[in-house]
Structure formats: structure tokens, C-alpha cells
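Topology and contacts: notes
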Amino acid sequence: MDTPKDCRSLMIGATGMLTPALHHAAAQATHMLNLARHATQFTPPPGVPKETYEAHDVDYENVKAVEQLLNAHGPFTTALTWIQPKALPLRDLIANHMRPQGHLIEVMGSAASRPGALADQRRATMAAFPNITYSQLILGFMPKDETSPTSRWLTHDEIATAACAILDTPAPRTIVGHVEPWEARPQ
Ligand SMILES: NC(=O)c1ccc[n+]([C@@H]2O[C@H](COP(=O)([O-])OP(=O)(O)OC[C@H]3O[C@@H](n4cnc5c(N)ncnc54)[C@H](OP(=O)(O)O)[C@@H]3O)[C@@H](O)[C@H]2O)c1
């Protein structure tokens, strides 16, 4: 079991809608690495000692630059990533910087849920990392109801609440809202 000394946390793309989840993770972390293109402009999580938090401006398409940072700050006990391109080499790189028994959460858009698409591909790849607890958080949509004549995308609050729940309780695949019927997604 990790001692508090070992709780290194990695956040990639978590300075937007995932900010409440970053704050939630920071409360458990002894060291947090926060990566985004403008990470240094992001207000550090409240109440977190300065020495436990580090932000670096990096474009995640620059895999070499991300690798240098992961080498310097890992291995990680927790990682929360919201990476929009498929970026398979980057995703593998992150998995390789997880500590045994660490928890990696990948947040994905709705299209990742299609059969054989990113979520299935990543699940198959992560089978080669049995020592890592791997969670997928797929962002779906909210169907029509009495109050709304059309479906809608999720709110930031719905997304962040789901991410906080997965940080506390890992789950192989969580769909926030719905992804079926696919034709009913917002147009
Ligand atoms: N199914 C759904 O309901 C669904 C799915 C997806 C998105 N959305 C909606 O779409 C809207 C926009 O989403 P968004 O992606 O802009 O989310 P966001 O969480 O607001 O911002 C994207 C995050 O990724 C970082 N980022 C983006 N490109 C990067 C790069 N090349 N390298 C490093 N970091 C990078 C951003 O920081 P920097 O800008 O500093 O790099 C930020 O931390 C949101 O309002 C959300 O509600 C809805």
C-alpha cells in the first residue's frame, strides 16, 4: 500500500472542465504534475503546499517533451488524462510511467464508444498492463426529456462530478449519460 509519501499524481488536459477533479486529486497527492499548453497560467489548487504542485506548459502532441517531464516526475500513483487526439504512443508512454497498482483514468469523447473505436482499442492495449488499475470515462450525451426537445452534451459539472467519482472508485468503463442510440446524439 502507498504511504502518503508515494502519492504522485499526473494531470494532462485537466485545467478546463476537469478542474474540480484536479482539485479533488490534489487533496490526496503528495506531488502533482499538471500538464497543459497554458498550465502555468492555471491557479494552483487551493490549500496545496507549493512544493507539492508543479505545472508545466507543454503541448501533448510533443511526445518527447512530455516524456522528459514524466521521467522527471513519475512514476505516478494516479493519472487523469483528457487527450483529444487518439495519440496512441502518448497514451502508452503514460501507462509506462504508472507505478504498479497505480490508477490511470482516460477521459474520452463519445465517438470513442463506437465498437472497435478508441475505448475498445485502449482496453485491449491496457490488458498488457495488468498491474495498473485502468478506468475509462466516456463522455456521452443526455437524451431528450420532458423539459428538453433535443438531446444535449454534458455540462462541465456532470463531467467533473463523474471524474471525481472515478478518482475515488476505479471502474473499467463508465459512460456519463448515454451513447445509444448513437443517432440521438446532439447534432
Ligand atoms: N460528450 C460531451 O458531452 C463532451 C465531450 C467532449 C467535450 N465536451 C465539451 O466540449 C467543450 C470543450 O472541450 P475541451 O476539450 O475544450 O475541454 P476543456 O477541458 O475545457 O479543455 C481542454 C484541456 O486540454 C488541454 N489541452 C488542449 N489541447 C492540448 C494540447 N495540445 N496539449 C496539452 N494540453 C492541451 C487544455 O489546456 P490548454 O488549453 O492550456 O492546453 C485543457 O486543460 C467543453 O465545454 C465540454 O463540455 C463535451
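Provided above is the structure to which this section pertains.
Residues numbered from 1 in each chain as written. Predicted model: local features only at pLDDT ≥ 70, side-chain atom pairs only at ≥ 80, totals over all residues.

1. Brief notes about the site of the ligand
If you check the shell around the ligand, you find 22 residues, and the closest are Gly13, Gly16, Ala36, Arg37 and His38. Grouping the amino acids of the shell around the ligand by side-chain chemistry returns 10 nonpolar, 9 polar and 3 charged. (Near = placed C-beta within 6 Å. Nonpolar A, V, L, I, M, F, W, Y, C, P; charged D, E, K, R; others polar.)

2. As for the environment of threonine 19
Its location among the elements puts threonine 19 in helix α1 (residues 19-26). The exposure class assigned to threonine 19 is partly exposed, which follows from the 17 C-beta atoms found within 10 Å. Sequence spacing of threonine 19 and arginine 123 is 104 residues, and the spatial spacing of their C-alpha atoms is 25 Å. Sequence-distant contacts of threonine 19, defined by excluding residues within four places in its chain, comprise Ala14 and Ala160. (Helix = DSSP H or I, 4+ residues; strand = E, 2+ residues; numbered from the N terminus. Buried ≥ 20, exposed ≤ 12 C-beta atoms within 10 Å, placed from the backbone. Contact = placed C-beta atoms within 7 Å.)

3. Here's the deal with the sheet that holds strand β2 (residues 31-36)
The strand order β3-β2-β1-β4-β5-β6-β9 describes an open sheet built from 7 strands, whose pairing is parallel. The outermost strands of the open sheet, each flanked by one partner alone, are β3 (53-57) and β9 (173-176). Pairwise comparison of adjacent strand axes, ignoring direction, gives a mean angle of 15° for this sheet. Where strand β1 (residues 8-12) lies against strand β4 (residues 76-82), 4 bridges are found, and the strand directions are parallel. The partner of serine 9 across the bridge, within β4, is threonine 78. Sitting on the sheet, helix α4 (residues 118-126) touches β5 (98-108), β6 (133-139) and β9, and the angle it makes with β6 is about 180°. (Pairing = 2+ DSSP bridges. Axes fitted to C-alpha atoms, helices over the stretch in contact; angles between N-to-C directions.)

4. Structural notes on the nonpolar core
Core analysis: the biggest nonpolar cluster contains 41 residues, and Met11, Leu18, Ala21, Ala25, Leu80 and Ala163 have the highest contact counts within it. Once you skip the residues sitting within four places of it in the chain, alanine 25 turns out to touch Ser9, Met11, Met32, Thr78, Leu80 and Leu167. (Core = buried A, V, L, I, M, F, W, Y, C linked by C-beta atoms within 7 Å.)

5. As for the pairing of β4
Put simply, side chains in a regular strand alternate between the two faces of the sheet. Among the 7 residues that make up β4, 7 are buried, leaving the element largely enclosed by the rest of the structure. In the sheet, β4 pairs with β5 via 6 bridges, with the strands oriented parallel. Pairing of leucine 80 across the sheet is with isoleucine 105, part of β5. With helix α3 (residues 88-96) bridging β4 and the parallel β5, this β-α-β connection has right-handed handedness. (Right-handed = clockwise from strand over helix to strand, strands pointing away.)

6. Details of the packing of helix α2 (residues 63-73) against α3
Between α2 and α3, the shortest axis-to-axis distance is 11 Å and the interhelical angle comes to 5°. Here α2 lies roughly parallel to α3, going by the angle between them. Facing Val63, Val66, Glu67 and Leu70 of α2, the residues of α3 in contact are Pro89, Leu90 and Leu93. Considering only residue class, the contact of α2 with α3 consists of 6 nonpolar, no polar and 1 charged. (Parallel < 35°, antiparallel > 145°, perpendicular 65-115°, else oblique.)

7. Concerning the packing of α1 against helix α5 (residues 156-168)
For the pair α1 and α5, interaxial distance at closest approach is 8 Å and the crossing angle is 25°. Regarding the angle of α1 to α5, the classification is roughly parallel. In this structure, α1 meets α5 at a crossing whose hand is right-handed. From α1, Thr19, Pro20, Ala21, His24 and Ala25 reach across to α5, where they touch Ala160, Ala163, Cys164 and Leu167. Broken down by class, the residue content of the contact of α1 with α5 amounts to 7 nonpolar, 2 polar and no charged. (Left-handed = near helix turned anticlockwise from the far one by under 90°.)

8. Observations regarding α5
Over its 13 residues, α5 extends 19 Å from the first C-alpha to the last, a length consistent with the 18 Å expected when each residue adds 1.5 Å. Buried within α5 we find Ile159, Ala160, Ala162, Ala163 and Leu167. Buried residues in α5, looked at end-on, bunch into an arc of 160°, giving them a common side. Exposed residues on α5 whose side chains face more than 90 degrees from its buried face are Asp157 and Asp168. (Expected span 1.5 Å × (residues − 1). Arc of directions from axis to C-beta.)

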